[in-house]
Amino acid sequence: MQEVRVFIPEEIHTILKFRQEEMPGVAVINTGLRNFGQKTVFPWHLSLMIDFEDVIENGMPSQKERDIVDPFGDYLNDLFKGANVEKPNALFLGRITWNATKELIWRVYDPQLVEKELKRIIKGNSSPGHLITGWIMI
């Protein structure tokens, strides 16, 4: 078996504002992964969608909603990455807020670990209220 050494780049969060279908959006992208060449080590792409219930104008989340969703997103990020910061299971790629939704995106090494955690959260009804509405891993 061939050994692969991977250098995990530092996360650099870049904020992008955009308009789509006449609605404003905000994306936070980890541009530290821009030149990351180890997609073979993290071959899976995880996209998790959250639908907001409490929105203000233009479909953006209220402060009350952000106070719930943002810590939950941070929790998922830590959970999917795992305890070993030198050998994470997932790399944060970005989060996109647009039209009453938030999409959280990661590159993943072992999808079974992430799927197990997501199923545990859903089965245990341990996500705050309405949060996880679906995910796709390709």
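Cut-offs applied
Residues numbered from 1 in each chain as written. Predicted model: local features only at pLDDT ≥ 70, side-chain atom pairs only at ≥ 80, totals over all residues. Heavy atoms only, no water. Helix = DSSP H or I, 4+ residues; strand = E, 2+ residues; numbered from the N terminus. Contact = heavy atoms within 4.5 Å. Phe/Tyr/Trp six-rings, centres within 6.5 Å; stacked < 30°, edge-to-face > 60°. Buried < 20%, exposed > 50% of the residue type's maximum accessible area, 1.4 Å probe, protein only. Salt bridge = Lys/Arg side-chain N within 4 Å of Asp/Glu carboxyl O.

Asker: Quick question: what am I supposed to make of the environment of V114 here?
Answerer: Mapping V114 onto the fold places it in helix α2 (residues 111-123). Spatially, the C-alpha atom of V114 lies 27 Å from that of L16, the residues being 98 residues apart in sequence. Apart from the residues lying within four places of it in its own chain, the contact partners of V114 are L46, F80, N89, V108 and M137.

Asker: Mind showing me how you'd approach the packing of aromatic side chains here?
Answerer: Any two aromatic rings considered together are summarised by their centre-to-centre distance and by the angle between their planes. Enumeration according to the criterion identifies four aromatic pairs in this entry. Between the aromatic rings of F80 and W106, the centroid separation amounts to 4.8 Å while the plane-to-plane angle is 80°, which identifies the pairing as edge-to-face. Placement of F80 in helix α1 (residues 63-81) and of W106 in strand β5 (residues 101-108) is noted, with a sequence separation of 26 residues between them. The exposure classification of F80 matches that of W106, with both residues buried. Members of the aromatic cluster, each reached through a chain of ring pairs, are F36, F42 and Y109.

Asker: How do you make sense of the pattern of salt bridges when you look at a structure like this?
Answerer: Where side chains of opposite charge bring their charged atoms close, a pairing between them can arise. Inspection of the entire model under this criterion finds four salt bridges. Among the ionic pairs, K102 bridges to D70, the shortest N-O distance being 3.6 Å. Highlighted residues: K102 in strand β5 and D70 in helix α1, separated in sequence by 32 residues. Residue classification places D70 among the partly exposed positions, given a relative accessible area of 33%. K119 serves as the salt-bridge partner of E115, at 3.5 Å between the closest nitrogen and oxygen. Within this pair, E115 and its partner K119 are both found in helix α2, separated by four residues, close to a single helical turn. What makes E115 partly exposed here is its relative accessible area of 33%.

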